[in-house]
Structures are given as C-alpha cells and as structure tokens.
Amino acid sequence: MVLNPVLGKLVSKRVVLASASPRRQEILTNVGLRFEVVPSWFKETLEKSSFTAPYEYAVETARQKALEVANRMHVKHLRTPDVVIGADTIVSVDEQILEKPVDKQDAYRMLSRLNGKEHSVFTGVAIIHCRSKDNQLEMEITDFYEETKVKFSELSEELLWEYIHSGEPMDKAGGYGIQALGGMLVEYVHGDFLNVVGFPLNHFCKKLAELYYPPSKHNVQHKKYDSIPSVDTFEKLSDGESESSNFTGHKDASKLDSVGIYSLGAVYTSENSSGVRTGFTVPLENQNGVSQSAAKLPSKILELMDGFRASKALFVASKLKIFDHLKDKGPMKAVDIANDVGTSVCGTERLLDACAALGLLEKTLQGYSNTDSANIYLTSDGKYSLHGYIIHSNDHLWPLFTNLESAVKEGSRQNHRAFGKKADDLFKDYYHSQEVKQRFMAAMHSIARLTARDVATAFDLSQFKSACDLGGCTGALAHELVQVYPDLKVTVFDLPEVIANTSYFQPSGQHAASVTFVSGDFFKDNLPEADLYILSRVLHDWPDEKIHVLLSKVSAVCRPGCAILLAEMVLDDEKKNRSTALLQSLNMLVQTEGKERSGTEYRALLEQHGFTNVTIRITGNLLDIILCVKM
Ligand SMILES: Cc1cn([C@H]2C[C@H](O)[C@@H](COP(=O)(O)OP(=O)(O)OP(=O)(O)O)O2)c(=O)[nH]c1=O
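Residues numbered from 1 in each chain as written. Predicted model: local features only at pLDDT ≥ 70, side-chain atom pairs only at ≥ 80, totals over all residues. Heavy atoms only, no water.

## Regarding the confidence of the model for the protein
Now for step 1: Looking at the protein as a whole, the pLDDT averages 85, with 84% of positions reaching at least 70.
Now for step 2: Considering only residues more than four positions removed or in separate chains, one finds that residues 217-293, a stretch of pLDDT under 50, has 121 contacts.
Now for step 3: Confidence metrics for the complex model read pTM 0.56 and ipTM 0.96. (pLDDT = per-residue confidence, 0-100. Contact = heavy atoms within 4.5 Å.)

## A closer look at the packing of aromatic side chains
Now for step 1: If you walk through the whole model with that rule in mind, you get eleven aromatic pairs.
Now for step 2: Their ring planes at 80° and their centres at 4.8 Å tell us that Phe152 and Tyr176 sit as a pair that is edge-to-face. Of this pair, Phe152 sits in strand β6 (residues 136-152) while Tyr176 sits in the loop between α5 (157-165) and β7 (186-190), and the two are 24 residues apart along the sequence.
Now for step 3: Residue class for Phe152 comes out buried when judged on its relative accessible area of 0%.
Now for step 4: Within the aromatic cluster, the residues linked to one another by ring pairs are Tyr55, Phe122 and Tyr145.
Now for step 5: We note Lys546 situated over the ring of Phe523; from NZ or CZ to the ring centre the distance is 4.7 Å. (Phe/Tyr/Trp six-rings, centres within 6.5 Å; stacked < 30°, edge-to-face > 60°. Helix = DSSP H or I, 4+ residues; strand = E, 2+ residues; numbered from the N terminus. Buried < 20%, exposed > 50% of the residue type's maximum accessible area, 1.4 Å probe, protein only. Lys NZ or Arg CZ within 6 Å of the ring centre and 35° of its normal.)

## Comments concerning the site of the ligand
Now for step 1: Lining the immediate surroundings of the ligand are 21 residues, of which Ser19, Ala20, Arg24, Lys65 and Lys100 lie closest.
Now for step 2: Here an oxygen atom of the ligand and a side-chain polar atom of Lys65 are 2.7 Å apart.
Now for step 3: One nitrogen or oxygen atom from the main chain of Tyr176 is found 3.3 Å from an oxygen atom belonging to the ligand.
Now for step 4: For the ligand, whose free accessible area comes to 600 Å², the fraction covered by protein is 95%.
Now for step 5: Counting only elements with at least two residues in the shell around the ligand, the list comes to α2 (22-30), β3 (83-93) and α6 (193-197).
Now for step 6: Sort the elements by how many residues they give to the shell around the ligand and β3 lands first, with three residues.
Now for step 7: A per-class count over the shell around the ligand returns seven nonpolar, six polar and eight charged. (Near = heavy atom within 4 Å. Polar contact = N/O pair within 3.5 Å; in protein donor to acceptor, adjacent residues only side chain to side chain. Areas by Shrake-Rupley, 256 points an atom, 1.4 Å probe, with all protein chains shown as cover. Nonpolar A, V, L, I, M, F, W, Y, C, P; charged D, E, K, R; others polar.)

## Topic: empty space enclosed by the protein
Now for step 1: Following the criterion strictly, the structure yields three cavities of 30 Å³ or more and no others.
Now for step 2: Lining of the largest cavity is provided by Arg63, Gln64, Leu67, Ile141, Asp454, Thr457, Ala458, Arg617, Ile618 and Thr619.
Now for step 3: Among the elements of the structure, α3 (54-75) and α19 (434-457) are those that each provide at least two residues to the lining of the largest cavity.
Now for step 4: Per-element tally for the lining of the largest cavity: the top contributor is α3, with three residues.
Now for step 5: Counted by class, the lining of the largest cavity contains four nonpolar, three polar and three charged residues. (1 Å grid on protein atoms, 1.4 Å probe; cavity = no way out; pocket = protein on both sides within 12 Å on 5 of 7 lines; lining within 4 Å. Points joined across faces, edges and corners; volume = space filled by probe spheres on them.)

## A few points about unusual backbone geometry
Now for step 1: The step from Gly330 to Pro331 runs through a cis peptide bond, and the omega angle for that step is -5°.
Now for step 2: Along the chain, the position of Pro331 falls in the loop between α11 (322-329) and α12 (334-341).
Now for step 3: Backbone geometry at Asp94 places phi at a positive 45°, although glycine is not the residue there.
Now for step 4: In this fold, Asp94 is placed in the loop between β3 and β4 (96-98).
Now for step 5: Positive phi values are uncommon outside glycine, yet Glu95 reaches one of about 70°.
Now for step 6: Mapped onto the secondary structure, Glu95 falls in the loop between β3 and β4.

## Re the pairing of strand β14 (residues 361-364)
Now for step 1: Note: β14 against strand β15 (residues 367-370), four bridges, orientation antiparallel. Bridge pairing in β15 links Lys363 to Tyr368. (Pairing = 2+ DSSP bridges.)

## Regarding the packing of helix α10 (residues 299-319) against helix α15 (residues 387-401)
Now for step 1: Here α10 crosses α15 at 120°, and the two axes come no closer than 9 Å. Viewed along their axes, α10 and α15 adopt a mutual orientation that is oblique. For the crossing formed where α10 meets α15, the hand is left-handed. Residues Phe308, Lys312, Leu314, Phe315, Ser318 and Lys319 of α10 pack against His387, Ile390, Ile391, Ser393, Asn394, Asp395 and Trp398 of α15.
Now for step 2: A class-by-class count of the residues in the contact of α10 with α15 yields six nonpolar, four polar and three charged. (Axes fitted to C-alpha atoms, helices over the stretch in contact; angles between N-to-C directions. Parallel < 35°, antiparallel > 145°, perpendicular 65-115°, else oblique. Left-handed = near helix turned anticlockwise from the far one by under 90°.)

Shown next as structure tokens:
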C-alpha cells in the first residue's frame, strides 16, 4: 500500500532509480515506491575545486548520474523512463569532500579526519522527468540537497582499525555506515538520518509535492511545505488539476493568477530560507464594522512592476564596486563606504539597505558586509564573477531595453536610438572602441565561466579528439572542455579584434596548451578542421539566412561522424513556458537580427545541412545543449 499520496503520483509512471546503492533501494522500497534499478555509469570524477560549495558537487554528480541513465535508456535501450532519480552522498569536513575510500589506508585517513569532530553529510538528489517527443528525449530536471550534521566521539586508533577491518567503510562516503557498526562511532546527528544513509526521503517527498501540487489559487496561504502536505490537502484537488501538474505542468506555479497575497496592512509576509513566501491574513472591517475578505493584491504583477528597481540597485552597487570594497574591508559603515567611493552618505545608505533587503549584503551592528554569493558572483575577481555581465547589462542592455517599445513597433534593433549611431553589423557596435569591446568580452567571459561546466558535461564528448569553438571569445568554454576531456584539443575561432584581446582572460595551468586561438570571420574565412564544432550563444545572434551560411560552411568541412554542439536557451515548442528564454529573445530583438528558437526550429535548421540524431538537453539552467551528428 502506498501511504503517501505524493509518492502515489509515481505509481503509474516508469520510475528508475539510477543508483546501485542498496540503502537507497531499501529506503524507497520501504515506503512502497515501485521502481526499476538502473545503476549509473557516470564516473564520479568531477573536478571538486570547480565547485564553490561541497553540496554543489553532490548535486551535480547526482544530476550527471541521472542524466546518464535517462539518456542511455532512451538511446541504447529504446525505453524512455518517465522519471529518473539520481543521488550522491558525500561527507564534508574542513571544506574537503570525502567520498568512498579506495582502500583501507584511505578509510583510515578519512576516519582520522572525522575523529572527535562534527562534519556534514550532503546528499544531492536529481529528479528528471523525461518525455520522448518525435523520438527525441526531452527532460526537466529538479534538484536539491540535504545537509545533516554528524559528530564522531574521540576514538582510539585501535578502534578505528578494528572498524576498518570489519570491511564496512569501503562502499560508504566518508568511510563509515551510520546504520550499522558505524553507528557506534557517532555522538550525535542533527538532521535527517536517512540523508546520511544515502537518501533524504522527507525532502524528496516535499519536492514531489512542490512538483505535483503547485500552490493554486485555492491554497495560496498554504504555500510553505514545512512538512509533506497532509492527505487532506490532496483529496481536495481534482484529478484534472493534479494531472495538469505532470511534467511541464508545475511551471504553472509561477503563473500570474496562481499566487496572491492579501491587501497590504492586513497581511504579514515573510520569506523562509528557501524563498517561499508565507503569509497570514487579518480580517478587515468595512465602515459598518462588518468583517470582510481582504482584496487580493497581484503580488507577481507588483513584483514585475518593481523588477527594474532591483536590477538597477544591483547594477549601481556593482558599478560603484561596493562588493569589491566590502570583500576587502567589510563590515563597513555606510559613511565609510560613501567616503571611499565618493558618493553621498544618504544615497549610499539607502542603496546599501536596499541591497541588504534584496539579500545581496548582510547588515549588522558592525555595518554592511558581503553575503557568500556576493563574494563569489558580484566581486570583480570572484570565482564566478558576473561583474562583467552586470556592467554590460547596465551600460549596454539597459539603454537598449528602454527602447523596447520602438523595437516591438518596428520589429528591429534599437542601437541607433540607444547609442545615436547606426551600425550595419552587430559586432561592429561592440568593437568600435577598446573600452566597449573589453566590457563586452568581460560580459561574455563571465557568463561562459558560469555555464561552461554544464555545456561541457551535458553529453559525453570523450570520443572527439579535436573541437573548434566558433565565436569562442575568451576561451572560457574551451578551457573547461580540456579540463573535463584531457585528450581534447580545442581551437577558439573568433574575429581578429577579439583574439587580439584574449590574453587577459587566460588561466594558467597544465591544460592551457590544449587551447589555441585562431582569428577569422566564420562567415567568410576557412574554418579550422575539427571533429566537433561548438556554437555557444552564437546562432541566436543571427537571422535564419545567416545561420544557413554558417551551417553550410560547417557542414562542408565536417566529415561523417563529426558533430555540432549548440548551447542556447531553447524555447518550448509552444513558446509559452520558459520566461527567461523568452525575455532573452526580446533581448535579441533590441540589439540583433537574431532571436531565441525552439528545439524544433533548431532541429530543422541543422537537418537541412545534413546534421541528424539531434538530441536536445533541456538543463533547466542558463543554457540548454543540443548535439547532432553529420551523416
Ligand atoms: C555516510 C554514510 C554513507 N553511506 C552510503 C550512502 C551511499 O550509498 C554511499 C555514498 O556513495 P554514492 O556515490 O552516493 O552512492 P553509491 O556509490 O552507493 O551508489 P550510486 O553511485 O550507484 O548511486 O555511502 C551509508 O550507507 N551510510 C553512511 O553513514
């Protein structure tokens, strides 16, 4: 019997557990879930140093495990599952990630590090909803992680070795199994016990509840899933409503009329750590003292109305390099920041307060300091700095977007209105001055660094020996590719004005020699030879006619078996769901002759040039990835 209606949603689906872990199988079987076990072949070898936090590594490994199984079942077994579940458990102590020990000595090393201390156990989980459409695999990925803190007692060497000789540590993250003999080593556990054993069942059920029962207009007050929603709640849902939640249906959670808060003054809202707004209503009284229902305010519309204010606050704080200042000197008072950056105290204080309220800064009695994300993403030298893209957004995209109305009326780019000059070529705009060129390159570099790992690992590219990244700009993706595939040689091909300015962006390191830069115009010049041609955020810049010119050139140099890897924001076929991609298409309207396209549109373009087996990975992240092969 299935006790929980959330799991009941999976009863009629082909559910696959992409894991060989007997513990995970047991946890899910125990709650009545019926599933097939297809262990993943994904090798757990992601570069740990490229993740900013240990849990990100666990989540990415879980995603890759599940993606590998979903793809293999679709392509090799010709059986597309409905849902694939992947998980990865790691132990983290002193910022280090511990996985399964390779031998007894390794187990000893791990257990000694945990001895007498508290550590974290993270399990990353990926739930992939799959669908085969026109024989192509379409996927929607949901992922999350759970953290449990565990403390070991002070243990003697003798005890550690006795435990290691039991053989128990070998197939377990961190070298211990809390559910068996290892339980004797543990002083306390804070959090979900099952998470330590390999699967955070409670969080998993909450995620399914979010996916299958998105908050509707009937239950807006109950948005917060502090616990698995009660059976009662589900019984009130009609079948029609719950069915529409399947696969893409849960996106409806963000539709305008499905979320509401109540009249200001009568509602108290707060955001919990996962960003879910909770609220409770206070009855209002009319003039006769009769209580009446408060009028709903359209919170989503209000949020959209103000969206530009938040963007601009972020842009200005970035332009003033406030995050850089605070990284070096924080916490700081508003007056000191204002003095340092040469701004008014009253204006600076308001900006800092707004940034703190938006979650970009922390405000304490000592002053303002950066949040962890600000250090990573908003400082100009942060590991995944978006500073370049933010400045580009402020200086270039903002003036263009203020002319969106004209762009919509005229159906064309607005560079002449925004910048007072007419350019016949998109990139001539960017490269007319050294300053604008460097700003544009920094912007492209920051986005490429953020997305490179997804692009490089969406498909197994290890069969390719050489790749050519057309329009590869600073080489950020190329460097990621050679890290993931050490045997691969990548040529970055871009305009001479770009190639001449790439040195500033180059990393130093052992793989640097595998990346070379060649200058040229891909519409006019000969393309370098390669097994794999990469077009990342390139096709969306151009209209179909120009894409045909480019693809026919690539097709002409491609031998059979060679491939194209595209990275773009792919629209859904109905062009109604992916708002980020649809807004990006407006972004292309205001500045280019290009647009974002759907999977079907990309497939049609590619097939016309002899590229078949078009496989589309909807990653749910900034870029979706398409791979196709030349017949
Ligand atoms: C810390 C700890 C981990 N573990 C287990 C859970 C996981 O199975 C394992 C961590 O390895 P994982 O790589 O997460 O999983 P796995 O190799 O067992 O299975 P697959 O990769 O096919 O999904 O460690 C315990 O059983 N008890 C514990 O106390």
